[in-house]
Amino acid sequence: MASAQEDPCSYASASKCATKHLNLSYHVDFERRVLKGKAALTVEVLEDHLPSVTLDTRDLTIFSVTANGQVAKFTMGPKHSFMGTPLEITLPFDLSRGQHVIVEVNYETASTASALQSMIPCQDTPSVKHSYYAQVAMPSYLIAIVVGALESREIGPRSRVWSEKEFVDKAAFEFSETENMLKAAEELVGPYVWGQYDILETGPYPMLNEGHTVYLERMIGRVLESEQFRQFKAIGGWKDLQESVNTFGANNPLTNLLPSLLGVDPDDAFSSVFMGFVKSYIQMFAYSSVTTEEWKAYLFTYFKDKVDVLNKVDWKAWVHTPGMPPVRPQYDTTMADACIALCSKWTKAGESELGAFTEADLKTLSSHQVIEFLSLVLLEEPLPLSHVKRMQEVYDFNSSTNAEIRARWLRLCVRSKWEEAVPRALQMATEQGRMKFTRPLFRCTTLRKYREEAVSTFKANRTAMHPVMVALLSKDLKVDTTS
């Protein structure tokens with residue numbers, strides 16, 4: 001089992017005490033747009049004579065604190081730009097290692113609350129995992145609360161999709177293959193242990209998904225589609241990685257496979273960076289957090305007959321060196337070739353050759369290939385405006401409801417100075433909450449004369465955005481949000 005280590009991005013001392021269970025009781029004040037409630041944390045003591053418990057918070061108003069029912073003194077420390085504010089609770093009695101204490105905090109959120117620290121006083125670190133309400137074990141930072149008029153539809157024997165009435169049937173169609181994906185994942189890494197697998201679709205405002213294992217995701221694609229499909233997705237992933245490296249800078253330590261998070265907001269590092277081993281690894285470290293060194297040690301243990309091969313790996317280059325990986329894989333380009341050919345045709349076409357393009361160009365391409373085609377065009381010099389308008393005439397990308405296609409298409413339009421696309425790009429940037437769409441859309445609209453419109457749109461919508469999103473967009477747009 002992985003050992004608890006101090007997290008440089010959290011005030012909570014996970015090596016001294018650890019939350020084991022959380023009971024939440026909330027009253028939702030719709031008029032004021034705040035949550036007023038009580039958080040009761042069952043905390044296990046990990047050292048003798050524990051004097052206090054420190055919790056992570058952000059913009060919370062604390063009314064009172066008790067420990068095992070006794071009034072406890074508390075203080076709020078100085079506010080940090082990304083770590084929030086520490087809530088220091090002095091325990092009114094002595095505790096020894098192995099004992100438990102129930103710390104109850106009565107508080108109210110701010111109207112702009114969105115991140116975990118903004119909703120719950122907690123130990124906001126991946127090494128602390130606990131149950132809450134229905135006894136579902138989970139990392140303390142993966143809690144979401146949704147209040148609304150929701151309906152559900154059954155999409156499998158152990159799955160339902162939840163959404164508002166206007167979106168629930170469409171969501172049920174979109175997620176109709178959930179059971180097939182679950183079965184494929186179980187074949188690869190073992191049974192899904194949580195019983196029910198429900199999905200919340202929040203219409204035009206989806207939350208950012210965290211914790212996806214890209215490798216497993218692509219292996220599921222291989223089971224459901226083909227090996228060519230898996231390698232095709234990997235090619236796109238390599239380009240996404242290259243774009244992230246270009247964004248951060250090839251020498252930026254945040255592009256290390258193992259970046260140092262000392263004094264660094266972990267969300268600033270949001271970027272795109274052997275099946276038997278993966279299955280064994282998941283089973284070995286289930287319900288715990290693992291350091292990179294522990295992962296490496298287990299890799300050597302699992303492949304004990306291949307230690308000579310592992311010793312040849314340049315671990316410093318792979319793990320601690322900024323920039324792209326030292327080795328580029330050779331991918332199967334079968335599915336990518338059609339995308340490359342269509343991209344080349346558009347970039348080389350003259351004005352007199354635009355009539356050769358028809359809607360039939362996309363008939364044999366999957367949505368994944370259309371996404372790849374647009375990604376390739378974005379890597380080239382901006383197309384002439386006449387080309388982009390012709391592309392709309394024959395492909396009608398403006399009507400696409402696929403967010404991946406729509407985001408790339410709008411960026412392409414703005415880069416080619418199609419002014420009519422700017423409002424649509426900014427609308428998409430603010431109507432959903434995914435970093436992978438919002439940041440690139442805002443970045444492309446800051447070019448030339450569109451910057452003023454982009455900045456004003458950001459300022460008008462920032463209170464509804466996640467704090468991490470606000471911080472990163474402030475840097476992109478060079479806007480001071482401290483005042």
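Residues numbered from 1 in each chain as written. Predicted model: local features only at pLDDT ≥ 70, side-chain atom pairs only at ≥ 80, totals over all residues. Heavy atoms only, no water.

### Some words on the confidence of the model for the protein
Piece 1. Of all residues in the protein, 87% attain a pLDDT of 70 or more, and the chain-wide mean is 84.
Piece 2. Across the protein, the element-wise mean pLDDT spans from 48 in strand β10 (residues 138-139) up to 97 in helix α12 (residues 385-395).
Piece 3. Confidence over residues 134-139 falls short of pLDDT 50; this stretch has 14 contacts with residues more than four positions distant or in other chains.
Piece 4. Here residues 206-212 is modelled with pLDDT under 50, and outside its nearest four sequence neighbours on either side it reaches ten contacts, counting other chains as well. (pLDDT = per-residue confidence, 0-100. Helix = DSSP H or I, 4+ residues; strand = E, 2+ residues; numbered from the N terminus. Contact = heavy atoms within 4.5 Å.)

### A closer look at the pattern of salt bridges
Piece 1. Per the stated rule, a full pass over the model turns up 18 salt bridges.
Piece 2. Here D59 and K79 are joined by a salt bridge, their closest N and O atoms 2.9 Å apart. Taken together, the residues span a long stretch of sequence, with D59 in the loop between β3 (52-57) and β4 (61-67) and K79 in the loop between β6 (73-76) and β7 (85-90) at a distance of 20 residues.
Piece 3. According to the relative accessible area criterion, D59 is partly exposed, its value standing at 36%.
Piece 4. The exposure class assigned to K79 is exposed, which follows from its relative accessible area of 56%.
Piece 5. A single network of salt bridges, built from pairs that share partners, joins D29, R32 and E108. (Salt bridge = Lys/Arg side-chain N within 4 Å of Asp/Glu carboxyl O. Buried < 20%, exposed > 50% of the residue type's maximum accessible area, 1.4 Å probe, protein only.)

### Notes on the nonpolar core
Piece 1. Core analysis: the largest hydrophobic core is formed by 58 residues, its most contacted members being F373, Y395 and F397.
Piece 2. Y395 has contacts with L342, W346, F357, T358, E359, D361, L362 and F373, leaving out every residue within four places of it along the chain.
Piece 3. Of all hydrophobic cores here, the second largest spans 27 residues; its members include V53, I62, V65 and C122. (Core = buried A, V, L, I, M, F, W, Y, C linked by side-chain atoms within 4.5 Å.)

### Considerations on a nonpolar patch on the surface
Piece 1. Judged by side-chain polarity, V146, L150, W162 and L200 come together as a nonpolar surface patch covering roughly 310 Å² of accessible area.
Piece 2. With respect to the helices and strands, the residue L200 is situated in strand β13 (residues 199-200).
Piece 3. Residue class for L200 comes out partly exposed when judged on its relative accessible area of 39%. (Patch = residues over 30% accessible without salt bridge, like charges linked within 9 Å, V, L, I, M, F, W, Y side chains within 5 Å. Areas by Shrake-Rupley, 256 points an atom, 1.4 Å probe, with all protein chains shown as cover.)

### Focus: helix α7 (residues 292-302)
Piece 1. Every buried residue belonging to α7 is among Y298, L299 and F300, and all of these are buried.
Piece 2. On the buried face of α7, the contacting elements are α6 (275-284), α8 (307-310) and α9 (315-320).

### Quick look at the sheet that holds β7
Piece 1. Ordered in space as β3-β7-β6, the three strands form an open sheet in which the pairing is antiparallel. Unpaired on one side and paired on the other, β3 and β6 mark the two borders of the sheet. Shown here is a sheet whose adjacent strand axes are inclined to one another by a mean of 20 degrees, direction ignored.
Piece 2. Bridging between β6 and β7 involves four bridges; their strand directions are antiparallel. (Pairing = 2+ DSSP bridges. Axes fitted to C-alpha atoms, helices over the stretch in contact; angles between N-to-C directions.)

### A look at the packing of aromatic side chains
Piece 1. According to the stated counting rule, one finds 18 aromatic pairs in the structure shown.
Piece 2. With a centroid separation of 5.6 Å and an interplanar angle of 70 degrees, the aromatic rings of F277 and Y302 are classed as edge-to-face. Of the two residues, F277 sits in helix α6 while Y302 sits in helix α7, which places them 25 residues apart along the sequence.
Piece 3. By the ring-pair criterion, three or more aromatic residues cluster together here, those being F277, Y281, F285, W295, Y298, F300, Y302, F303 and W315. (Phe/Tyr/Trp six-rings, centres within 6.5 Å; stacked < 30°, edge-to-face > 60°.)

### Some details on unusual backbone geometry
Piece 1. Phi at D59 is positive, roughly 55 degrees, even though this residue is not glycine.
Piece 2. We note that D396 has phi near 50 degrees; this positive angle belongs to a residue other than glycine.
Piece 3. Of note, D396 is situated in the loop between α12 and α13 (403-415).
Piece 4. Judged by relative accessible area, D396 falls into the partly exposed class, the value being 35%.

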